[in-house]
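Results of the structural survey
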Amino acid sequence: MISTQMLTVLEEAIITKPPIPHEPYKHSLKAWVMYCLRERGFKVVYAQNADFAIETKGKDKLYFKVTNNKDDVDNSCSWIVWDSVNKIASIIPLNPT
């Protein structure tokens, strides 16, 4: 589960102050998100059942998938969704049931 503090840092890295803008004709959404996170010092690692994972200091992993279509979102992990109309990303944290 993503803590409020972690969510705030993720939002800054991807939404409010990304190091570079997302330009779909230059790079994929996944590559852009991973670059933004690495630039902010996150350890981004391979994930078998997600697009990538962020390894925390406690060695826990937060799993993420990325999409350009909000209809793709399910409850398998946290999501980063790109809204191509408004040109902004949003983070949808995993909602454990």
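This text goes with the structure placed above it.
Read on for an overview of the structure. (Residues numbered from 1 in each chain as written. Predicted model: local features only at pLDDT ≥ 70, side-chain atom pairs only at ≥ 80, totals over all residues. Heavy atoms only, no water.)

A few points about the packing of aromatic side chains
Basically, it comes down to this: Ring pairs are drawn from Phe, Tyr and Trp, using the six-membered ring of Trp, whenever the two centres fall within 6.5 Å, and their geometry is named by plane angle: stacked under 30 degrees, edge-to-face over 60, tilted for the rest. Each helix is a run of DSSP H or I of at least 4 residues and each strand a run of E of at least 2, with the numbering of both proceeding from the N terminus. Think of it in three bands: with a 1.4 Å probe and only protein chains considered, a residue is buried below 20% of the maximum accessible area for its type, exposed above 50%, and partly exposed in between.
Under the defined criterion, the tally for this structure stands at two aromatic pairs. For the ring pair Trp32 and Trp82, a centre distance of 5.7 Å and an interplane angle of 70 degrees mean the geometry is edge-to-face. Of this pair, Trp32 sits in helix α2 (residues 29-39) while Trp82 sits in strand β4 (residues 78-83), and the two are 50 residues apart along the sequence. In this structure, Trp32 and Trp82 share a single accessibility class: buried. Note on Phe52 and Phe64: the rings are 5.6 Å apart at their centroids and 15 degrees apart in plane angle, and the pair reads as stacked. Placement of the pair is Phe52 in strand β2 (residues 52-55) and Phe64 in strand β3 (residues 61-67), with a sequence separation of 12 residues. Of the two residues, Phe52 and Phe64, both sit in the buried class.

Overview of the nonpolar core
Heads up, the rule is: In these notes, a set of buried Ala, Val, Leu, Ile, Met, Phe, Trp, Tyr and Cys residues joined through side-chain atoms within 4.5 Å is what counts as a nonpolar core. Note on contacts: a residue pair is in contact if any heavy atoms of the two residues lie within 4.5 Å.
Core analysis: the largest hydrophobic core is formed by 22 residues, its most contacted members being Leu10, Ile14, Val33, Leu37, Phe52, Phe64 and Ile80. Residue assignment for this core shows that the elements contributing at least two residues are α1 (4-16), α2, β2, β3, β4 and β5 (88-92). At six residues, α2 tops the list of elements feeding residues into this core. Those residues within four positions of Leu37 in sequence are excluded, and the remaining contacts are Leu10, Ala13, Ile14, Phe42, Val44, Phe52 and Ile54.

Brief notes about the sheet that holds strand β1 (residues 43-45)
This is how the line gets drawn: Strands qualify as paired when DSSP identifies two bridges or more between them. Between N-to-C directions, angles span 0 to 180 degrees; the directions come from axes that are lines fitted to C-alpha atoms, helices contributing only their stretch in contact.
An order of β1-β2-β3-β4-β5 is seen for the five strands of this open sheet, with the pairing classed as mixed. For this open sheet the edge positions go to β1 and β5, each flanked by a neighbour on one side alone. The sheet shows a mean angle of 30 degrees between the axes of neighbouring strands, taken without regard to direction. In terms of strand pairing, β4 meets β5 through five bridges, oriented antiparallel. Residue Val81 lies in a different strand from β5, and its bridge partner there is Ser90. Contacts from α1 reach β2, β3, β4 and β5 within the one sheet, and its direction differs from that of β5 by about 160 degrees.

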